[in-house]
Structures are given as structure tokens and as C-alpha cells.
Amino acid sequence: MNVLHVCANPKPTEESVSKQLAAAFFGKLIELKPEVELVNVNLYDEKPPFYSYELYRAVWNPVFEEGYEPSKVEEMAMNYASKQAELFNAADVLVLTMPMWNFSSPAIMKAWTDQILCPGLTFEMAENGVKPLHKIKSVVLLVASGGIYKEDDARDALTRQALTAFDFIGIEDFEIVWADGQNPMFNANCEERKEMAIEAAIEIAEDIAELDLAPASEEADPE
């Protein structure tokens, strides 16, 4: 099992509840499946550029113009996206660790998502729609927030954006662990809510460890 972990939290683990969820999640996953190949991407160490006009031309012009050859500048604009897409396409499971900031994901996570969700990198446009170029079976969101949010809360743009974006490229299995109510100014039971979320993260890790990740060639019908 290959797991890509993308983290968008600049705080040290002792100050970051989302990172503490990740520590619990990966501690249990590696305990159950020590052969896991884990790739960590800290976005504050490997900062994504914002989506540019040059990147747009490099990835979308070939879709609309057969035989299009990107310029040198456009090729350079793909460097980060190509590297991250290679990690993405090699993964069986994607884990995203982040806080909720201003009712959505940190801008640095959105920038990373924009880089990898490009035609020719993680998907291609086919006659019958989008064809995935990756093999990811599941996305796990490990999130912490100061406020408390109910399911399908209109204020929650974070999970809605993530689920919609990855569903577009054929990923339908999402697991969400959310440590909400972490602002002690508003909630007296922060620690209790955090411990509940850590327990949930461990349970999700147990589920991920049991995923059936048989190669596509083994799943296909024999000739």
C-alpha cells in the first residue's frame, strides 16, 4: 500500500490538533501494515505556486488543439505540478491533514489541489468524460477547527470543495475525521472533543488497513 500524506499546517505537532490526528492515524496504520510506503509532503516545505496562465496553456491547450506543443516557459510552469502528480498517481490512498481557516481549507492546500488536478497529469479528457490516470481508492481528511460544525453545515466549504474536486477524477470513497470545537474561548470541552476525534482517526486507519488494493490486472476477467 502506497499512501501519500499532504499536510497544510505550519504549526508543530504539539500545537496542531490536525497533526495530532495524523500522528494517531499513521501510528495505527503502520502498526497494522508495517509494509506501508508512506510519502509525506509538507506544503510549507514544498510550497505550491498559484495556478498560472502558463500552466493553464500547458495542460489545457493540448486538450483543445491537437498536436499543441507547450513553450519552454509553459513547460517550466508544469514542474511542480508534474512532480506532485507523479506522487499522486503512485498512491493508493491520499491523506490530507489541515486546519479549517475562515470556513475553508488553507490557501496553500487549494493551490496544491489546483496544481495536481490537471488534464494530462492526474486525468485525461475522453469521449465519454473524465478518465482517471491515478489509482487512488480512498481520500482521508484529517481536519481541526475552532468552531463546531454539523453535517452538511452551510459554513463548511472545506469538505464540500475537497469531495467535489476529487469526485471529479473518479474518487468516491471519502473518510473524514474532524476535531471541531477546538477554540477554548468558545468550548470548554476541547480536550474531550479532540480525544473523540483521535479515536475516530484510529478507527479509520483500521478500515484503511483492510482495503482491497488488488492491481487492476488481477481484478479484470480472464480472456
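In this text, all values refer to a predicted model and were calculated from it rather than measured experimentally.

### Digging into the overall build of the protein
Working step 1: Of the regular secondary structure elements, the protein holds eight helices and seven strands.
Working step 2: In terms of overall dimensions, the protein has C-alpha extents of about 60 × 45 × 30 Å along its principal axes.
Working step 3: A sequence separation of at least 24 residues applies to 76% of the contacts in the protein between residues at least 6 apart.
Working step 4: Entry remark: accessible area of the protein is about 12100 Å², with carbon and sulfur atoms responsible for 52%.
Working step 5: Each charge sign in the protein was given a centre, from 17 positive and 40 negative side chains, and these centres are 7 Å apart.

### Quick word on the pattern of salt bridges
Working step 1: One pass over the structure, following the stated rule, counts 11 salt bridges.
Working step 2: In this structure, Lys-83 engages Glu-46 in a salt bridge whose closest nitrogen and oxygen atoms are separated by 3.4 Å. With Lys-83 in helix α4 (residues 79–90) and Glu-46 in the loop between β2 (37–42) and α2 (53–64), this pair connects stretches of sequence that are 37 residues apart.
Working step 3: According to the relative accessible area criterion, Lys-83 is partly exposed, its value standing at 46%.
Working step 4: The partner of Asp-180 in a salt bridge is Arg-193, and the shortest N-O contact between them spans 2.8 Å. Here Arg-193 lies in helix α7 (residues 190–209) and Asp-180 lies in the loop between β7 (174–179) and α7, a separation of 13 residues in the sequence.
Working step 5: Salt bridges sharing partners connect three or more residues here, namely Lys-150, Asp-153 and Arg-155.

### Comments concerning the packing of aromatic side chains
Geometrically, a pair of aromatic rings is defined through the distance of the ring centres and the angle of the planes.
Working step 1: As enumerated under the stated definition, the model contains seven aromatic pairs in all.
Working step 2: Ring plane angle 90 degrees and centroid distance 5.0 Å describe the contact between Phe-25 and Phe-26, whose orientation is recorded as edge-to-face.
Working step 3: One aromatic cluster is present, formed by Trp-60, Phe-64, Phe-123 and Phe-168 through successive ring pairs.

### As for the UniProt feature "binding site: FMN" (unreviewed entry) in the protein
Working step 1: Within this structure's numbering, the places UniProt gives as "binding site: FMN" (unreviewed entry) are Ser-16, Val-17, Ser-18, Met-100, Trp-101, Asn-102 and Phe-103.
Working step 2: Structurally, Ser-18 can be placed in helix α1 (residues 17–32).
Working step 3: Apart from residues lying up to four places away in sequence, Ser-18 is in contact with Asn-9, Thr-97, Met-98, Pro-99, Leu-142, Val-143 and Ala-144.
Working step 4: At 3.2 Å, the side chain of Ser-18 forms a polar contact with the side chain of Ser-16.
Working step 5: Structurally, the position occupied by Met-100 is in the loop between β3 (93–99) and α5 (107–116).
Working step 6: On the basis of relative accessibility, which here comes to 9%, the residue Met-100 falls in the buried class.

### Digging into the packing of α4 against α5
Working step 1: α5 packs onto α4 with a crossing angle of 85 degrees between their chain directions and a minimal axis gap of 8 Å. For the element pair α4 / α5, the angle class is roughly perpendicular. Contacts between α4 and α5 pair Tyr-80, Ala-81, Gln-84, Ala-85 and Phe-88 from the former with Trp-112, Gln-115 and Ile-116 from the latter.
Working step 2: By residue class, the composition of the contact of α4 with α5 is six nonpolar, two polar and no charged.

### Comments concerning the side chain of Asn-187
Working step 1: In this structure, Asn-187 sits in the loop between β7 and α7.
Working step 2: By relative accessible area, Asn-187 is classed as buried at 12%.
Working step 3: In this structure the side chain of Asn-187 is engaged in a polar contact, spanning 3.3 Å, whose partner is the backbone oxygen of Gly-146.
Working step 4: Apart from residues lying up to four places away in sequence, Asn-187 is in contact with Gly-146, Ile-148, Gly-181 and Gln-182.

### Quick word on a negative patch on the surface
Working step 1: A surface patch of like charges, here negative, comprises Glu-195, Glu-199, Glu-203, Glu-206, Asp-207 and Glu-210.
Working step 2: By the element assignment, Glu-199 lies in helix α7.

### Digging into the environment of Val-3
Working step 1: Tracing the sequence through the fold places Val-3 in strand β1 (residues 2–7).
Working step 2: The exposure class of Val-3 is buried, given its relative accessible area of 0%.
Working step 3: Through-space distance from the C-alpha of Val-3 to that of Cys-190 is 29 Å; in sequence the pair is 187 residues apart.
Working step 4: Not counting chain neighbours up to four residues away, the residues in contact with Val-3 comprise Phe-26, Leu-29, Val-36, Glu-37, Leu-38, Val-39, Val-93 and Val-95.

Cut-off values and rules
Residues numbered from 1 in each chain as written. Predicted model: local features only at pLDDT ≥ 70, side-chain atom pairs only at ≥ 80, totals over all residues. Heavy atoms only, no water. Helix = DSSP H or I, 4+ residues; strand = E, 2+ residues; numbered from the N terminus. Contact = heavy atoms within 4.5 Å. Areas by Shrake-Rupley, 256 points an atom, 1.4 Å probe, with all protein chains shown as cover. Lys, Arg positive; Asp, Glu negative; His and termini not counted. Charge placed at Lys NZ, Arg CZ, Asp CG, Glu CD. Salt bridge = Lys/Arg side-chain N within 4 Å of Asp/Glu carboxyl O. Buried < 20%, exposed > 50% of the residue type's maximum accessible area, 1.4 Å probe, protein only. Phe/Tyr/Trp six-rings, centres within 6.5 Å; stacked < 30°, edge-to-face > 60°. UniProt positions renumbered as here; feature names shortened; annotations may be inferred. Polar contact = N/O pair within 3.5 Å; in protein donor to acceptor, adjacent residues only side chain to side chain. Axes fitted to C-alpha atoms, helices over the stretch in contact; angles between N-to-C directions. Parallel < 35°, antiparallel > 145°, perpendicular 65-115°, else oblique. Nonpolar A, V, L, I, M, F, W, Y, C, P; charged D, E, K, R; others polar. Patch = residues over 30% accessible without salt bridge, like charges linked within 9 Å, V, L, I, M, F, W, Y side chains within 5 Å.

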